[in-house]
Amino acid sequence: MLKGIGASQGYGIGKAVLIKDINIDYSKVKYTDAQTEKNRLQNAVDCFIDETKELCESLKKSAGDKEAEILEGHIMMLNDPFMMSQMQDNIDGGFIAEKAVDTVCNMFIDMFSSVDDELTNQRASDVRDIKESLLKILLGIETVDISKVPSGSVLIAKDFTPSMTSQINRENVSAIITEVGGVTSHSAILARAMGIPAVLSVLDATKKITEGEEIVADGFTGKVFINPSAQELEKYREKQGEYLKQKDSLKSYIGKETVTADGVKKAVYANIGRPEDVQNVLQNSGEGIGLFRTEFLFMDRNAEPTEEEQFEAYSTVARVMDGHEVIIRTLDIGGDKEIPYLKIEKEENPFLGHRAIRYCLDNPELFKKQIRAILRAAVYGYIKVMLPLITCLEEVYAAKAIIKECEMELAESGTEYKSVPIGVMIETPSAVLISDLLAQEVEFFSIGTNDLTGYTMAVDRGNSKVSKLYDAMQPSVLRAIEMTIKNAKKAGIQVGMCGEAAADSRLIPKLIEWGLDEFSVTPSSILQTRKAICEYKA
Ligand code: PEP
Ligand code: MG
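The structure presented is a predicted model; accordingly, all values stated were derived computationally and were not measured.

Definitions and cut-offs
Residues numbered from 1 in each chain as written. Chains lettered and ligands numbered in written order. Predicted model: local features only at pLDDT ≥ 70, side-chain atom pairs only at ≥ 80, totals over all residues. Heavy atoms only, no water. Core = buried A, V, L, I, M, F, W, Y, C linked by side-chain atoms within 4.5 Å. Buried < 20%, exposed > 50% of the residue type's maximum accessible area, 1.4 Å probe, protein only. Contact = heavy atoms within 4.5 Å. Near = heavy atom within 4 Å. Polar contact = N/O pair within 3.5 Å; in protein donor to acceptor, adjacent residues only side chain to side chain. Areas by Shrake-Rupley, 256 points an atom, 1.4 Å probe, with all protein chains shown as cover. Helix = DSSP H or I, 4+ residues; strand = E, 2+ residues; numbered from the N terminus. Nonpolar A, V, L, I, M, F, W, Y, C, P; charged D, E, K, R; others polar. Donors = N, O, S within 2.8 Å, 3.2 Å for Na, K, Ca; no water. Phe/Tyr/Trp six-rings, centres within 6.5 Å; stacked < 30°, edge-to-face > 60°. Lys NZ or Arg CZ within 6 Å of the ring centre and 35° of its normal.

## What to know about the nonpolar core
Taken as a class, soluble globular proteins show a tendency for nonpolar side chains to be buried jointly.
Stage number 1. Membership of the largest hydrophobic core comes to 86 residues, with the highest contact counts inside it found for Y314, I383, L438, F445, I481 and L511.
Stage number 2. In this structure, F445 is in contact with V424, I426, S435, L438, A439, T484, A488, I493, Q494, V495 and G496, ignoring residues within four places of it in sequence.

## Topic: the site of ligand 1
Stage number 1. Close to ligand 1 lie 14 residues, the nearest being R293, R329, G448, N450 and R461.
Stage number 2. Contact distances for ligand 1 include 3.2 Å between an oxygen atom and a backbone N or O atom of T449.
Stage number 3. Between N450 and ligand 1, the recorded distance is 2.8 Å, taken from a backbone N or O atom to an oxygen atom.
Stage number 4. When the free accessible area of ligand 1 is taken as 290 Å², the share hidden by the protein chains comes to 100%.
Stage number 5. Of all elements in the fold, only β10 (289-293) and α18 (449-457) reach the threshold of two or more residues within the shell around ligand 1.
Stage number 6. The leading source of residues in the shell around ligand 1 is α18, at 3 residues.
Stage number 7. Residue classes in the shell around ligand 1 are distributed as 3 nonpolar, 4 polar and 7 charged.

## Describing the coordination of the magnesium ion (ligand 2)
Stage number 1. Binding of the magnesium ion (ligand 2) to the protein goes through E427 (OE) and D451 (OD), at separations of 2.1 to 2.2 Å. Taken as a pair, E427 in the loop between β13 (422-426) and α16 (429-433) and D451 in helix α18 lie far apart in primary sequence, 24 residues in all. Like D451, E427 is buried.

## Some remarks on the packing of aromatic side chains
Stage number 1. For the structure on display, the rule yields 9 aromatic pairs.
Stage number 2. Between F220 and Y243, the ring centres sit 5.3 Å apart and the planes meet at 85°, which makes this aromatic pair edge-to-face. With F220 in the loop between β7 (214-218) and β8 (223-226) and Y243 in helix α9 (residues 230-249), the pair connects residues that are 23 residues apart, well separated along the chain.
Stage number 3. Take Y243: its relative accessible area is 15%, and that puts it in the buried class.
Stage number 4. Here F225 and Y236 contribute two aromatic rings whose centre-to-centre distance is 5.3 Å and whose plane-to-plane angle is 50°, an arrangement assigned as tilted. Of this pair, F225 sits in strand β8 while Y236 sits in helix α9, and the two are 11 residues apart along the sequence.
Stage number 5. On the basis of relative accessible area, F225 is assigned to the buried category, the value being 10%.
Stage number 6. Grouping aromatic residues by their ring pairs yields a cluster made of Y11, F220, F225, Y236 and Y243.
Stage number 7. Residue placement shows K384 over the ring face of F444; its charged tip is 4.9 Å from the ring centre.

Shown next, in the form of structure tokens:
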């Protein structure tokens, strides 16, 4: 039996499918002659174009023409005689096909990324994708197509990136197991959003588990059984049946008003990372979006999303939520959330470093692009903006000044926009201690217990060795939460919670008692949270 952290509830039973990290290394490939290398290059290009055309067709059906257009652009780039002739010239100069592809693509990447224009920068990321695909074909590296794994697959990987996760077909994936990450890591958040059981931080999982082995993953306790005995298997099948039955019984809470047994109105909102997650929120009758983690729009790509792309994402969510509140959190990167192309310097203590609002205030162009997209999207629904990792008033003043500046610029250029209520996340002990002052400056609070627990208990939220101390039920964390809610109430502003603790049944009675207005949870926890609130009586 292996042990990790149970990070997404449920029991997953199925066959192991290993997703290995790929290593693109062509140092051992030998040059034969120019013609052979040119043939290898041409074959790889033909193969790439065929595969891409196929993908385009299926994307047109599943995601729409817009996504497919990006891939059609890849084909056009490779059909450009200039790019191909450069590669052939390199081969004539003695390069193997792999090195020719690498060299020429890097040249284009440098050229496109040096221009100060978003669309041109985007082309650099397209060339990176092309380069990686061509090198994989040339080296015969096969990658598992996550979207096509058979039913009953248990996916095992070092970690799951958002783009890997977005390919998961939840009908076919029984569970996810990774070697890194904790309850609040992004793999965990995504697994919960999709309702897939997950066990994370399983040491050497990709080495200890072999492709095709029978696996039982317990998303509650973090236990992973490899080739379990018939008895164990039976026991877990029964547990799974019970759990699914219980989950089914929660369906009676769909569309039900969230009101305590003694008549106090509350609201259950949802946390999302991508516009697609909204479907899951609606299916579970979430009453709003309490946290849109916008960093997911920035992850797993080679250049930042344009203002238009962001506007599209935010306005889509606002429109689909049809007048219900959508709280968009400005970019929260750094700490455990890496975005390589933003070139954040390596730091000794990334959780105490240049992250979230600190990074945005020091990179006003990036921040303003996001704010403009949010203000423009606000025309299409009920949007609020929320600032992450606030520690002092000066950060709020500076962010508000930038938001004002964006409004003025939009007004001057005659662009349609709407002013939005501004709130802050209370996720540092410093913000808690000045929550009375912050409440005078903003229109709402949302308590981020994932970080607040970490910073209060001085525990790295992703480190399994100290995970015992990472508990929002610790008296110090409870006091911080209570103080924040009381200060918000005193100032008459709305206070919600978007950390994972909002769905913790041990904590919910206390949160109601203290007066929390809004509970923002992962979409698959909406009904369970609503049930706990509806059953509460003072
Ligand atoms: C939090 O810290 O509680 C939170 C909701 O933000 P994130 O998990 O994205 O850091
Ligand atoms: Mg946080």
